[in-house]
Amino acid sequence: MALDRKQTPNDLNAFWMPFTSNRQFKKNPRMFVAAKDMHYTTSDGRQVLDGTAGLWCCNAGHCRPKIVEAIQKQAAELDYAPAFQMGHPIAFELANRVIEIAPKGMEHVFYTNSGSESVETALKLAIAWHRARGEGTRTRLIGRERGYHGVNFGGISVGGIVNNRKFFGTLLAGVDHMPHTHLPALNSFTRGQPEHGANLADDLERIVALHGAETIAAVIVEPMAGSTGVLMPPKGYLEKLRAITKKHGILLIFDEVITGFGRLGSAFAAQHFDVLPDMMTTAKGLTNGVIPMGAVLTTAEVHDAFMQGPEHMIELFHGYTYSGNPIAAACGVATLETYKEEGLFERAADLAPYWEDALHSLKGLPHVIDIRNMGLIGAVELEPIPGEPTKRAFSAFLKAYEKGILIRTTGDIIAMSPPLIISKAQIDELIGKLAEVLKSLD
Ligand SMILES: Cc1ncc(COP(=O)(O)O)c(C=O)c1O
């Protein structure tokens, strides 16, 4: 290692870790000190196979040379430039490259620094867009139960994960939720999109009837819900949602923070499902998770409504100090080049059937009550220990780590989303070791 850093810090107290059981962790820390391609190296020198692409973000794997070089070069050339009223070429280049691979109809890119900020940006854009067009009464935002849209106030308000909401007061006013699409009695062990549940989109008609369409700005959903435990959209559901939002003049936002950049075998889920929203929120895979960056993609119709009034006036009073940061943008360009040169989105599509078979081979193992998959994402749902929800899956996570595989758990659901460079042999290793873990659980 080039840097002389302590491999094991001697005081873990100061760092208050996010979404972590801090006390449990600090008694028995799990530390990664290096990474390369499909593997992490732990502080005790073990290799751990990355079954989750970090946090659903390192789609090209770790420490990829092109990305590392681009960051190094950019840091030495132009480290920072003001984001407001000044530009620098690479942010424009990245926006064009994102639009090149985006669904036809998406034409503009607004930069943020994370998925949460992309969500806040899209929600604000939706309300401001209606106002700019003379429909200022459209301020309501509609989300969905079990939705995850990051952790800021807008995102947790439209989101539907109870623990992410209930500790934080009254949240945004004027928000309503559609039902989630998880129907285990009808759809368990489905491969790909479930047959049942398209009619759940009709609930939006109920919400429209309740509040009046003229009060509703936007509907936001994850086209495939990741963080809540990998829930696939039932066949026909997203198409219905698109039709109903269009009919009532409501903007449709797809939160593609996980599904963007190849996870389902297409650049974006919108292409995979062939449904075009009005805006898409992205982050994570945009920069391979290496430098924090997010982006909201919009149609020309959304963007152009803001481009009015005197030309010296700012059109949108929104943005971040780091919107389009040069190093993040350079990282983004190198990431998109890596995806393209290595054909990683196609690779994900090609590997998907193998991944599906491997995952579903876990059916019948102890405690497994459902398995779901699509592209290179999959979930194994476990029967919770009575009275101790999340404990069984967390114990699987700890045992998996000891066995040298990184998985993710949410509730009693194990989620996996490996880098798109994973080999068939590595899929076998990941699923084989997970099978051993499942067999060993109480
Ligand atoms: C669909 C979705 N939206 C938003 C976010 C929030 O992203 P971030 O953690 O970068 O703020 C996530 C993170 O997992 C996500 O899955």
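Scroll up to find the structure.
About the criteria used
- Residues numbered from 1 in each chain as written.
- Predicted model: local features only at pLDDT ≥ 70, side-chain atom pairs only at ≥ 80, totals over all residues.
- Core = buried A, V, L, I, M, F, W, Y, C linked by C-beta atoms within 7 Å.
- Buried ≥ 20, exposed ≤ 12 C-beta atoms within 10 Å, placed from the backbone.
- Helix = DSSP H or I, 4+ residues; strand = E, 2+ residues; numbered from the N terminus.
- Domains from an automatic or database assignment.
- Contact = placed C-beta atoms within 7 Å.
- Expected span 1.5 Å × (residues − 1).
- Bend = angle between axes of the 7 residues up to and from the residue.
- Pairing = 2+ DSSP bridges.
- Near = placed C-beta within 6 Å.
- Nonpolar A, V, L, I, M, F, W, Y, C, P; charged D, E, K, R; others polar.

Remarks on the nonpolar core
Of all hydrophobic cores here, the largest spans 121 residues; its most connected members are Ala-218, Val-219, Ile-253 and Ile-414. The biggest single contributor to this core is helix α13 (residues 326-341), with 9 residues. A domain split of this core shows at least three residues from each of domain 1 (22-60 + 343-440) and domain 2 (68-341). Residue contacts for Ala-218: discarding those within four places in its chain leaves Leu-123, Ala-126, Leu-141, Ile-250, Leu-251 and Ile-253.

Examining helix α14 (residues 344-360)
For α14, which comprises 17 residues, the first-to-last C-alpha distance of 23 Å matches the rise-based estimate of 24 Å (1.5 Å per residue) to within 8%. The sharpest bend along α14 measures roughly 40° and falls at Ala-352, with the proline Pro-353 sitting one to four residues further on. Along α14, the residues classified as buried are Leu-344, Phe-345, Ala-348, Leu-351, Ala-352, Trp-355, Ala-358 and Leu-359. The elements touched by buried residues of α14 are α13, β11 (368-374), β12 (377-382) and α16 (424-440).

Re the sheet that holds strand β2 (residues 39-42)
Strands sit in the order β1-β2-β3-β13 across an open sheet of 4 strands; the sheet is mixed. One side of each edge strand has no neighbouring strand; the edge strands of this open sheet are β1 (32-36) and β13 (405-406). Examined bridge by bridge, β2 and strand β3 (residues 47-50) share 3 bridges and lie antiparallel to one another. Note that in β3 the partner of His-39 across the bridge is Leu-49.

Quick word on the site of the ligand
Around the ligand, the structure places 14 residues, and the nearest of them are Ser-114, Gly-115, Ser-116, Gly-150 and Val-257. The leading source of residues in the shell around the ligand is helix α5 (residues 115-132), at 3 residues. When the residues that make up the shell around the ligand are grouped by side-chain class, the tally is 5 nonpolar, 7 polar and 2 charged.

Some details on the environment of Ala-173
By the secondary structure assignment, Ala-173 is in the loop between α7 (162-165) and β6 (175-178). We classify Ala-173 as exposed; it has 9 C-beta atoms within 10 Å. Expressed as a C-alpha distance, the spacing of Ala-173 and Val-296, which sit 123 residues apart in the sequence, is 23 Å.

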